[in-house]
Protein chains: 2
Amino acid sequence: MKDIAINFGKKVRARRKSLGISQDKLALKANIDRSYAGRVERGEVNITLEKAYALAEILDCNIRELLP
Amino acid sequence: MKDIAINFGKKVRARRKSLGISQDKLALKANIDRSYAGRVERGEVNITLEKAYALAEILDCNIRELLP
């Protein structure tokens, strides 16, 4: 199950980088702590569906693209 | 954002019923409380991605089918 968070985080990071957005900016837009954003990208957080949707919106993609 | 949980819950319920599984059985298989299962289906829970995947697995479907 840990793989889910890790793969989700990798996809978030890849998508963020492809958009040229910093982790700081992503965190700010998502209204989350920068350290939390880092933990999400490293797969250390069991993120909620709601927050996953919020990240997808900020990353201008469908949540399905971020899912493992 | 509340809509996400509500729509997810509706889809979980619809899928569960289409499989003829009781809420009790779903809860048991997912290793969650029956009352929690009910709350998920009513959209009262901000479910984690991990738990959403677990439910999809039990409901023998891809998580994408359960997402709003």
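Residues numbered from 1 in each chain as written. Chains lettered and ligands numbered in written order. Predicted model: local features only at pLDDT ≥ 70, side-chain atom pairs only at ≥ 80, totals over all residues. Heavy atoms only, no water.

> Talk me through the environment of A:Asp60; I want residue IDs and the actual numbers.
Residues and elements named next belong to chain A. Of note, Asp-60 is situated in the loop between helix H4 (49–58) and helix H5 (63–66). Residue class for Asp-60 comes out exposed when judged on its relative accessible area of 62%. Between the C-alpha atom of Asp-60 and that of Arg-15, which follows or precedes it by 45 residues, the distance is 9.1 Å. (Helix = DSSP H or I, 4+ residues; strand = E, 2+ residues; numbered from the N terminus. Buried < 20%, exposed > 50% of the residue type's maximum accessible area, 1.4 Å probe, protein only.)

> Could you give me a rundown of the confidence of the model for chain A, with the residues and numbers involved?
Scored by pLDDT, chain A comes out at a mean of 94, with 99% of its residues at no less than 70. Taken over the whole predicted complex, pTM reads 0.90, whereas the ipTM for its chain interfaces reads 0.86. (pLDDT = per-residue confidence, 0-100.)

> Account for the UniProt feature "domain: HTH cro/C1-type" (unreviewed entry) in chain A, with residues named and values stated.
The positions UniProt marks with the feature "domain: HTH cro/C1-type" (unreviewed entry) are residues 12–66 of chain A. Split by type, residues 12–66 of chain A is 69% helix and 0% strand. Its first and last C-alpha atoms lie 6 Å apart. (UniProt positions renumbered as here; feature names shortened; annotations may be inferred.)

> Tell me about the interface of chain A and chain B, and please be specific about residues and values.
Contacts between the two partners involve 15 residues from chain A and, on the opposite side, 15 residues from chain B. For the pairing of chain A and chain B, the buried interface totals around 1,700 Å² over both sides, and the portion due to carbon and sulfur atoms is 65%. For the interface between chain A and chain B, the tally reads zero salt bridges. At the junction of chain A and chain B, the tally comes to nine residue pairs in polar contact (both at pLDDT 80 or more). Sorting the residues of the side of chain A that touches chain B by element identifies helix H1 (2–19), H4 and H5 of chain A as the ones contributing at least two each. With five residues, the single largest contributor to the side of chain A that touches chain B is H4(A). In terms of residue class, the side of chain A that touches chain B is built from 10 nonpolar, two polar and three charged. (Contact = heavy atoms within 4.5 Å. Buried area = accessible area lost by both parts, 1.4 Å probe. Salt bridge = Lys/Arg side-chain N within 4 Å of Asp/Glu carboxyl O. Polar contact = N/O pair within 3.5 Å; in protein donor to acceptor, adjacent residues only side chain to side chain. Nonpolar A, V, L, I, M, F, W, Y, C, P; charged D, E, K, R; others polar.)

> So what's going on with the environment of B:Gly9? Residues and values would help.
Residue and element names in this part refer to chain B. You can see Gly-9 is positioned in helix H1 (residues 2–19). Look at Gly-9 and you get buried, because its relative accessible area is 0%. Counting along the chain gives 32 residues from Gly-9 to Glu-41, while the straight-line C-alpha distance between them is 3.7 Å.

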